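Here is what each chain is made of, one letter per residue.
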Amino acid sequence: MGKLCKYDVAGHLFEVHLPDDSDSGRYLAAYAPFASARSDGSLFSLRLEYVEDLRSVDLGMLRQCLNDEPPYFWIFDKDGKFSFAFSYTKSHPDCILIPSEDYSSSVVYVPASMADKLTDFALSNSLMLLYTFCTSPYETLLVHASVIRHNDGGFMFLGRSGTGKSTHSRLWIDNIEDAVLLNDDNPVIRVSDGEAIVFGTPWSGKTHCYKNESVPLKAVVRLSQAPYNKIARNIPLQAYASLMPACSCMRWDRTSTDFLHCTVEKVISNVKCWHLECLPDADAAYTCHKAVTE
């Protein structure tokens, strides 16, 4: 029968099916705060299967291997049906995700000999991909960002890898009273009744911050490194260009991309967006805080 685990992230319910001998407390520890007893239908389900050899899984033709650093993301095409893989190197896939046509039911395959090393990696990457695709029609964005909760509002920091998103969040925590971390890598924005709400998720990068909490999103701030601290409000076009690249999306799928565009437009219509050129110092946090909370 296997083990069934249900989770609710930003109001979206999904299921994970594990083999009987799998340790859900070990592999899904980050998901524990999001465990759900809801009995209504799940948006999608993922089943974990261990195999002796990944080569036994028929993937079809390799289309692309994406990303400049791990995890590498592989896209395969078999007679017009996509399947995916994830890996730590570009030499070969480490685990394989086979979704149903509508992505509502999927299987992730992991080599049995590498179960201890790869199960968490396979589950997290597969669930993020499925969540991104299946929630896109529901005004939901999974964003590569760091978020601070302060005075019952959320403040989101964007930027390219290495820009200092986590560092800037830490500067708020150290220097701004009542500032706490909500999520440090992949928060969710969901538009509800015209208001943008930011949620914690089970996906927080290297920082163990898995909070099942939400607050209204008050500001989106794109960071860039500079020898000074200066913040400026974005005009709508700048705000769109700032938020759009940070959102996860299956950009090869037209329908999913159309949903993404619409949701981003709704977010920037309701949330002030800024550009902070900054140093990694306390004054950067003060400068940012003063502007975005006025």
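Before any of the text, the structure's been laid out above.
Residues numbered from 1 in each chain as written. Predicted model: local features only at pLDDT ≥ 70, side-chain atom pairs only at ≥ 80, totals over all residues. Heavy atoms only, no water.

Caption draft 1: Inspection of the pairing of strand β11 (residues 153–158) at higher detail. Extensive coverage of β11 is indicated by the burial of six of its six residues. Side chains of β11 alternate between two faces, with Gly153, Phe155 and Phe157 and Gly154, Met156 and Leu158 buried alike. Pairing of strand β10 (residues 146–150) with β11 involves five bridges; the strand directions are antiparallel. Note on β11: the bridge partner recorded for Arg149 is Gly154. Two elements, β11 and strand β15 (residues 214–225), share five bridges in a ladder whose sense is parallel. Counterpart to Met156 in the pairing with β15 is Val220. (Buried < 20%, exposed > 50% of the residue type's maximum accessible area, 1.4 Å probe, protein only. Helix = DSSP H or I, 4+ residues; strand = E, 2+ residues; numbered from the N terminus. Pairing = 2+ DSSP bridges.)

Caption draft 2: Region of the structure containing the layout of surface pockets. Of the pockets and cavities examined, the second largest pocket occupies roughly 190 Å³. Surrounding the second largest pocket, 13 residues form its lining, Leu54, His92, Pro93, Asp94 and Pro111 being those nearest its centre. (1 Å grid on protein atoms, 1.4 Å probe; cavity = no way out; pocket = protein on both sides within 12 Å on 5 of 7 lines; lining within 4 Å. Points joined across faces, edges and corners; volume = space filled by probe spheres on them.)

Caption draft 3: Focus on the side chain of Asp77. Looking at the secondary structure, you find Asp77 in strand β5 (residues 72–78). At 3.1 Å, the side chain of Asp77 forms a polar contact with the side chain of Arg63. (Polar contact = N/O pair within 3.5 Å; in protein donor to acceptor, adjacent residues only side chain to side chain.)

Caption draft 4: Quick look at the packing of helix α4 (residues 236–243) against helix α5 (residues 254–270). α5 packs onto α4 with a crossing angle of 130° between their chain directions and a minimal axis gap of 10 Å. The orientation of α4 relative to α5 falls into the category oblique. The interaxial crossing formed by α4 with α5 has right-handed handedness. From α4, Pro236, Ala239, Tyr240 and Leu243 reach across to α5, where they touch His261, Val264, Glu265, Val267 and Ile268. Of the residues contributing to the contact of α4 with α5, the split by class is seven nonpolar, one polar and one charged. (Axes fitted to C-alpha atoms, helices over the stretch in contact; angles between N-to-C directions. Parallel < 35°, antiparallel > 145°, perpendicular 65-115°, else oblique. Left-handed = near helix turned anticlockwise from the far one by under 90°. Contact = heavy atoms within 4.5 Å. Nonpolar A, V, L, I, M, F, W, Y, C, P; charged D, E, K, R; others polar.)

Caption draft 5: Layout of the pattern of salt bridges. The full count for this structure, using the stated rule, is twelve salt bridges. Between Asp40 and Arg38 there is a salt bridge, with its nearest N and O atoms 2.5 Å apart. Judged by its relative accessible area of 37%, Asp40 falls in the partly exposed class. The class of Arg38 is partly exposed, set by a relative accessible area of 27%. Between Glu213 and Arg149 there is a salt bridge whose closest N-O contact spans 3.1 Å. With a gap of 64 residues between them, Glu213 in the loop between β14 (195–199) and β15 and Arg149 in strand β10 connect regions that are remote in the sequence. Look at Arg149 and you get partly exposed, because its relative accessible area is 23%. Members of the salt-bridge network, linked through shared partners, are Asp8, Arg38 and Asp40. (Salt bridge = Lys/Arg side-chain N within 4 Å of Asp/Glu carboxyl O.)

Caption draft 6: Inspection of unusual backbone geometry at higher detail. Residue Pro71 is reached from Pro70 by a cis peptide bond, and omega for that bond is 0°. Here Pro71 is to be found in the loop between β4 (61–66) and β5. The backbone of Tyr103 sits at a positive phi, close to 65°, despite the residue not being glycine. Given a relative accessible area of 6%, Tyr103 falls into the buried group.

Caption draft 7: Main features of α4. Listed as buried for α4 are Ala239, Ser242 and Leu243. Each buried residue of α4 lies within a common arc of 85° when the element is viewed along its axis, so the set occupies one face. Buried residues in α4 make contact with β11, β15, α5 and β17 (272–278). (Arc of directions from axis to C-beta.)

Caption draft 8: The arrangement of the environment of Val143 in detail. Residue placement: Val143 occurs in the loop between β9 (140–142) and β10. As a C-alpha pair, Val143 and Pro187 span 44 residues in sequence and 5.7 Å in three-dimensional space. Sequence-distant contacts of Val143, that is, excluding residues within four places in its chain, are made with Met156, Leu158, Asp185, Asn186, Pro187, Ile189, Leu243, Ala246 and Cys247.

Caption draft 9: Summary view of the packing of aromatic side chains. As enumerated under the stated definition, the model contains 14 aromatic pairs in all. Between the aromatic rings of Tyr103 and Phe133, the centroid separation amounts to 4.0 Å while the plane-to-plane angle is 35°, which identifies the pairing as tilted. Separated by 30 residues along the polypeptide, Tyr103 in the loop between β7 (95–99) and β8 (105–111) and Phe133 in helix α2 (residues 115–135) bring together distant segments of the chain. Through pairs of rings, three or more aromatic residues link up here, namely Tyr7, Phe14, Tyr31, Phe44, Tyr131 and Trp203. Note that Arg233 overlies the ring of Trp274, its terminal NZ or CZ placed 5.9 Å from the centroid. (Phe/Tyr/Trp six-rings, centres within 6.5 Å; stacked < 30°, edge-to-face > 60°. Lys NZ or Arg CZ within 6 Å of the ring centre and 35° of its normal.)

Any functional reading would require information beyond the geometric quantities listed.
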